[in-house]
Amino acid sequence: MNEERYSFQALIDFGTKLLAHAGLPEDRARVVASTLVEADLMGHSTHGLQLLAPYVKEVEEGKMKSSGEPIVISDKGSAITWDGDYLPGPWLVHKAMDVAFERVREHPIVTIAIRKSHHIACLAAYPERATQRGLMMLLSTADPRTKTIAPFGGIDPVYTPNPIAGGIPTEGEPILFDVSMSLTSNGMVQRTHAEGKKLEYKWLLNNKGEATDDTNTFMEEPPATILPLGGMDAGYKGFALGLLVEALTCGLAGYGRADDPDTWGASVFLQVIDPEAFGGKAAFQKQNQVLVDACKSSRPIHEDRPVRLPGSRAFQLRAEQKQIGVKLYKSIVPGLKVAAERYKLEFPKTV
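Caption draft 1: View of the environment of Ser74. Looking at the secondary structure, you find Ser74 in strand S2 (residues 71-75). Since its relative accessible area comes to 24%, Ser74 is described here as partly exposed. Sequence-wise, Ser74 and Ile112 are 38 residues apart; in three dimensions their C-alpha atoms are separated by 9.8 Å. Ignoring anything within four residues of it in the chain, the contact list for Ser74 reads Ala79, Ile80 and Thr81.

Caption draft 2: Highlighting the packing of helix H2 (residues 26-41) against helix H9 (residues 312-324). Their axes nearest at 8 Å, the elements H2 and H9 cross at an angle of 105°. Taken together, H2 and H9 sit at an angle that is classed as roughly perpendicular. Facing Glu38, Asp40 and Leu41 of H2, the residues of H9 in contact are Ala314, Leu317, Arg318, Gln321 and Lys322. The residue makeup of the contact of H2 with H9, split by class, is three nonpolar, one polar and four charged.

Caption draft 3: Focus on the sheet that holds strand S11 (residues 266-273). Read from one edge of the open sheet, seven strands run S2-S3-S4-S11-S5-S6-S7, paired in mixed fashion. Each edge of the open sheet carries a strand with a single partner, namely S2 and strand S7 (175-179). With strand direction ignored, the average angle separating the axes of adjacent strands in the sheet is 10°. Bridging between strand S6 (residues 164-168) and S7 involves five bridges; their strand directions are antiparallel. Looking at S7, one finds that Ala165 is bridged to Asp178.

Caption draft 4: Layout of helix H6 (residues 186-194). Listing the buried residues of H6 in full gives Asn186, Val189, Arg191 and Thr192. Turning to H6, the residues buried within the fold contact strand S8 (204-205), strand S10 (225-226) and helix H10 (332-342). Just downstream of H6 lies Gly196, where phi reads positive at about 70°.

Caption draft 5: Local environment of the sheet that holds strand S9 (residues 211-212). What the three strands build is an open sheet, ordered S9-S8-S10; its pairing is antiparallel. Two strands bound the open sheet, and with one partner strand each, they are S9 and S10. Pairing of S8 with S10, which is carried by two bridges, proceeds in the antiparallel orientation. The residue of S10 that forms the bridge with Leu204 is Ile226.

Caption draft 6: Spatial organisation of H9. Taking 1.5 Å per residue, 13 residues should reach 18 Å; H9 reaches 19 Å between its end C-alpha atoms and fits that length. Buried within H9 we find Ser312, Ala314, Phe315, Leu317, Arg318 and Gln321. Contacts made by the buried residues of H9 are with strand S1 (5-6), H2, helix H5 (128-131), S7 and strand S12 (326-327). Gly325 sits one or two positions beyond H9 and adopts a positive phi of about 105°.

Caption draft 7: Region of interest: the pattern of salt bridges. Taken as a whole and judged by the stated rule, the model has 15 salt bridges. We note a salt bridge from Arg318 to Glu38, for which the minimum N-O separation is 2.7 Å. One end of the pair, Arg318, is in helix H9; the other, Glu38, is in helix H2, and 280 residues separate them in sequence. Linking Glu102 and Arg105 is a salt bridge whose minimum nitrogen-to-oxygen distance equals 3.5 Å. A residue is classified by how much of its surface remains accessible, and Glu102, at 47% relative accessible area, is partly exposed. For Arg105, a relative accessible area of 69% translates into the label exposed. Ionic contacts of the salt-bridge type, sharing partners, join the residues Arg28, Glu69 and Lys95 into one network.

Caption draft 8: Layout of the packing of helix H1 (residues 8-22) against helix H3 (residues 52-60). For the pair H1 and H3, the least separation of the axes is 8 Å and the interaxial angle reads 20°. As judged from the angle between their axes, H1 and H3 are roughly parallel. Judged by the twist between their axes, the crossing of H1 over H3 is right-handed. Contacts between H1 and H3 involve Phe14, Gly15, Leu18, Leu19 and Ala22 on the former and, on the latter, Leu52, Tyr55, Val56, Val59 and Glu60. Taken together, the residues of the contact of H1 with H3 sort by class into eight nonpolar, one polar and one charged.

Analysis parameters
Residues numbered from 1 in each chain as written. Predicted model: local features only at pLDDT ≥ 70, side-chain atom pairs only at ≥ 80, totals over all residues. Heavy atoms only, no water. Helix = DSSP H or I, 4+ residues; strand = E, 2+ residues; numbered from the N terminus. Buried < 20%, exposed > 50% of the residue type's maximum accessible area, 1.4 Å probe, protein only. Contact = heavy atoms within 4.5 Å. Axes fitted to C-alpha atoms, helices over the stretch in contact; angles between N-to-C directions. Parallel < 35°, antiparallel > 145°, perpendicular 65-115°, else oblique. Nonpolar A, V, L, I, M, F, W, Y, C, P; charged D, E, K, R; others polar. Pairing = 2+ DSSP bridges. Expected span 1.5 Å × (residues − 1). Salt bridge = Lys/Arg side-chain N within 4 Å of Asp/Glu carboxyl O. Left-handed = near helix turned anticlockwise from the far one by under 90°.

Read these as spatial facts, not as claims about activity.
Below is the structure:
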């Protein structure tokens, strides 16, 4: 990892300027940049500023639309479907969250499906906005253009890693998770291959049906696939969850693999739940807090590594990096400096 650190606010300002120079309106550019930096603050380095240079290129080429609004396909009050017209994914998700927060005052559960969104970056960057309001949130996405995961028992790729993220309020720090339905992500395999390394474990299935850690097989023809969550032994579980995400995203949005899209994008499922409409918000948080406390009290396998709740490391890392600066993965800065030079922008200085 690169030991140089940068002010998180300076990174947001830089990302905003870069996207704005490429063609995004400044308000939308700031939402996208803030979302990417939030991912790096929380340690999700493959889905943070690693994506900024590719996003800039998509804006320049008109593949990420810079203007317009989502098209309402259906609006039933608590169930909404948008056509995102390949507008910036992070901006669309934040806009959908704002609508859900407003609607949830009237409807206990608000669900929004978005077809033809552009890529939405790191899912973990979103749910805390809901938990701060005492709301539970679920978020999922699939890219119907991409196929890198084979069904359990098969060799040929069918769908994407299909992450599910969620935010669950407690009486204290919320539970926050962001989990792919595969053993790793496309970004991690591509980064590892670019560095000439092997994966930490045998997370890939080569075109002969053998588990491997060799990232070169991901570039072969036909390429290796990423194993579903559960791997060679219990991958049927990840396979089932991957299909669930496809149904929640492409299925509910009414657009996906059946349409054979050729654009980098996403189908998105977003749901906000108000616990007050069920057993009550206080009771909901109490039940979750008791569970959290019990998990933390569980005897650790290793004495120096106590049980850690999903999201706790991300919150701790974010707090630290806001104080001492963000440490970017070593391959991120060179690409951003090239993009900056194109628009005669200065890359942030280290702190």
